[in-house]
Amino acid sequence: MKEATGASPAMAQWFAIKAQHEDSLLFFRMGDFYELFFADAQAASAALDIALTARGQHQGEPIAMCGVPVSQAETYLARLIRRGFRVAIVEQLEDPAAAKARGAKGPLKRGVVRLVTPGTLTEEALLEAGRANFCAAIVAHEGVFGLAWADISTGQFETEQSGPDGLAAILGRLDPAEILAAEEIPLGAYAARRVETRRMALHLPANAEAAARDLAQRFGAASLDAFGDFSGAEALAASFVLAYIEATQMGATPRLSRPVSAGRAGQLAMDAATRASLELASARGGSEAGSLLGAIKRTVSPAGARLLAHWLTAPLCRLDILQERQRGWLAIADSGQAEAIRTALRGTPDMARALGRITLGRASPRDLAAIRGGLAAAEALRSLLPAGVALLDEAAHALNPAPELLATLRAALAEPAPLRLDEGAAIAPGFDGELDAERALRDDTRRIIAEFQSELAQRYKVASLKIKHHAQLGYVLEAPAGAVEGLRAYPELQLRQGMANGARFTHPELSDLDRRITEAAARAGARERVVFNWLVTQVLAAAEPLAACAAALALADVLQGAAQLYEAGRFCRPALSDDEAYSITAGRHPVVEAALPPGTSFIPNGCTLAPQRLMLLTGPNMAGKSTFLRQNALLVILAQAGLPVPAEAMQLGLVDRLFSRVGASDDLASGRSTFMVEMTETAAILHQAGPKSFVIVDEIGRGTGTRDGLAIAQAVLESLHNQNRCRAIFASHFHELVQLAEALPRLAAHTMRVKEFRGEVVFMHEVVEGAAQKSWGVHVAKLAGVPDPVLRRADALLKTAERQQNATAPLPLFANLPDSAPAPAEPPRPRRCWIN
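Time to look at helix α3 (residues 73-82). Among all positions of α3, only Ala 73, Tyr 76, Leu 77, Ala 78, Leu 80 and Ile 81 are buried. Next to the buried residues of α3 lie β1 (25-30), β2 (33-37), α2 (38-48), β4 (61-69), β5 (87-92) and β6 (110-116). Residue Gly 84 follows α3 closely and has a positive phi angle near 95°.

Here the focus is the pairing of strand β24 (residues 694-698). Working note: regular strand, side chains alternate between the two faces of the sheet. Among the five residues of β24, five are classified as buried, and the element is accordingly described as predominantly covered. The pairing of strand β23 (residues 657-661) with β24 spans four bridges and is parallel. Each residue of the ladder has a partner; that of Phe 659, found in β24, is Val 695. Two elements, β24 and strand β25 (residues 727-731), share five bridges in a ladder whose sense is parallel. Counterpart to Ile 696 in the pairing with β25 is Ile 729. For the crossover that starts at β24, traverses helix α24 (residues 706-724) and ends in the parallel β25, the hand is right-handed.

The next thing to look at is the sheet that holds strand β10 (residues 178-180). One open sheet accounts for six strands, arranged β11-β10-β7-β8-β9-β12; its pairing is mixed. The open sheet has two free edges, formed respectively by β11 (194-195) and β12 (260-261), since each of these has just one partner strand.

Put simply, Glu 415 and Pro 416 share a cis peptide bond, and its omega is 0°. Residue position: Pro 416 is located in the loop between α16 (403-412) and α17 (433-459). With an omega of 0°, the peptide bond between Ala 610 and Pro 611 qualifies as cis. Tracing the backbone shows Pro 611 in the loop between β20 (605-608) and β21 (614-618). In this structure, Asp 175 takes a positive phi of about 50° despite not being glycine. With respect to the helices and strands, Asp 175 occurs in the loop between α5 (167-174) and β10. Phi at Ala 586 is positive, roughly 50°, even though this residue is not glycine. Its location among the elements puts Ala 586 in strand β19 (residues 582-587). Note on Ala 586: relative accessible area 9%, which makes it buried.

On to the environment of Asp 698, then. With respect to the helices and strands, the residue Asp 698 is situated in strand β24. Between the alpha carbons of Asp 698 and Leu 413 there is a distance of 59 Å; along the sequence they are 285 residues apart. Dropping the residues within four chain positions of it, Asp 698 is found in contact with Ser 626, Leu 629, Arg 661, Val 662 and Ala 731.

Here helix α14 (residues 365-382) crosses helix α20 (residues 543-567) at 60°, and the two axes come no closer than 10 Å. Viewed along their axes, α14 and α20 adopt a mutual orientation that is oblique. The chirality of how α14 crosses α20 is left-handed. Of α20, the residues touching α14 (which contributes Ile 371, Gly 374, Leu 375, Ala 377, Ala 378 and Leu 381) are Leu 546, Cys 549, Leu 553 and Ala 556. Partitioned by chemical class, the residues of the contact of α14 with α20 number nine nonpolar, one polar and no charged.

About the criteria used
Residues numbered from 1 in each chain as written. Predicted model: local features only at pLDDT ≥ 70, side-chain atom pairs only at ≥ 80, totals over all residues. Heavy atoms only, no water. Buried < 20%, exposed > 50% of the residue type's maximum accessible area, 1.4 Å probe, protein only. Helix = DSSP H or I, 4+ residues; strand = E, 2+ residues; numbered from the N terminus. Contact = heavy atoms within 4.5 Å. Pairing = 2+ DSSP bridges. Right-handed = clockwise from strand over helix to strand, strands pointing away. Axes fitted to C-alpha atoms, helices over the stretch in contact; angles between N-to-C directions. Parallel < 35°, antiparallel > 145°, perpendicular 65-115°, else oblique. Left-handed = near helix turned anticlockwise from the far one by under 90°. Nonpolar A, V, L, I, M, F, W, Y, C, P; charged D, E, K, R; others polar.

Geometry only, nothing functional implied.
This is the structure:
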């Protein structure tokens, strides 16, 4: 947009700034409002549902304009960010009174102080309390991808290296708000979150070696090796995300933790399809309700909820870490202090995010109050944590970061703290003598006003005469209409403004009083800011210990929530090992169970995959096959998050990769049918699953013809048994596959138990050994409300087909083929039954 000839000085500033931030809405500060102009105003007006007006002209057309009050800016920003906008905040960089005093001409200096983008939010009103808010960068380097992500609201900063096949899984785990990546890097479902950075002046290192040096220097180390083993791709990605963050914050540097290579932390691998199928942290529509997180969350603080979500979305394969987590919540459950710990943590402020705002220079009185509240909670919690468990001992040590700071904040901050410093009364009386003196002078003049008002009322014989403060006129006398003519006779009174029910007068003594009050209030405000800034420096000096304290509070919250699940007696501690064990006694689906109405109990089912590592599960629709499949996968997730599981007992050899191919749907945007999506996901399993993997698959081959589908299902089943040799549950409506149990020694056939009673079918929702005798499809159609004539016709056709087909004949096309890898000899299989 070209600047208009003869534009006002302020609009000339707007044009200059807009040219540098064409992809952002400008929140242009003018007094107590942020104004938007031209296309920015039109877009914001539509998104915010606020009035669109006009101001002046540009090229013969009115300049579209809208505005939002500065005091309500966060509310409007939140709505714009949710709609996908980026906003550049343009502030007045000098005080209007100071500029006027020095005789400055022209508009006030203005400049962009910050770019508000989805991945760089810090304000509570713009963030979801229980979710991390990542800005991620992806760099292609030497045939691999380097990823780095940071949450500037909490300081979390991690990296990972990935091949092309693993990129979607990592993005699914992180769910970043913004992604910095070149156009040629495929982002799949996250393509809409790609950020255009070519117009931004980012200071990026020339190569991976320079990136590693810059990172080490940034975090005060001689070498990046001090923080772990990072690839060149990870170093480049980390430099990319840090450069972007600094650019959006106009050079301000947030407090970030030292980088951690998440890929070397031993995480359980899950692809994007598996994560979507299992709904770990959010269900369909993005809601927490209906997800695994929503079902088992017993945390009482936002930071605890974020950490729990992280554990669930990034389970581990590290036996030592998982067993230490188990010891932590078991110790709390056995200590008798669990309820006291919950009470100490309940309502704990979000200390980590308050610290993030403070380090970026956006501190408010409530942020300091959050630090005070977090330290107070830590003080109460420290003595409650049981000793003797390394994880809890480390947390207890971190919970005492700065006792002197807590005492200072308790003495200094008012209770409750105001939202903004300019509201006043942020510093408690008695903390600073100079501030108390200025406040006394300011407040004493208010008493003087009351006395002077009484004096003038008597002097002019107008009992209802009032002294009021007017924004433009200062202190004035307000007189009722009946007294106006009499007051105009006094030469010292000057009529300034008529009103419907009276008039306003000025008085020489009032003008002097106005000046004295204004100066006293200004001095008190200035002193309060000095004291506040000193408190901020005290917090910043202890930033790292405070961050560790915030992390310890979050950890204690997650562990007490796990202890609460365990205390109820329906969750157990899984026995973890490094072998390939898999045995669950009376397991339950945590999400389905949580959604049951009161008085309804979930029917538990066991599952053992040793020595038969492959379960073939048949049974009708609506009998519970999919629930059973997901139930077992979710119990693996919980166990490898270090949490209790809903079962009587569980033995699990740690899983390295988890695959879930349950409930595929089409992908019309990519031109893939349901069957194509199903085959793509199946191919990923067959290529990647190994002996330590766990796989659940449902109805392979259902999306094509019966013979094709059966052929594919058997071939996949054979491959899982002979080549992949993974632990797996394979659900199918192809009952013919049960015959393979005779040829595949590690395959055990099971079915969903069904009863017929007086012509009705009852689904027992129990898994038992054996094979389904029928599909019961007509019965399910009846439950769905299919019309009776259609049901009768379907039943007749089915009976005719059954009479014509020899159900006991061997599979004509699908004998165990010679090119299948021979299976080693197996001992005789014991019989098992999990009828509950």
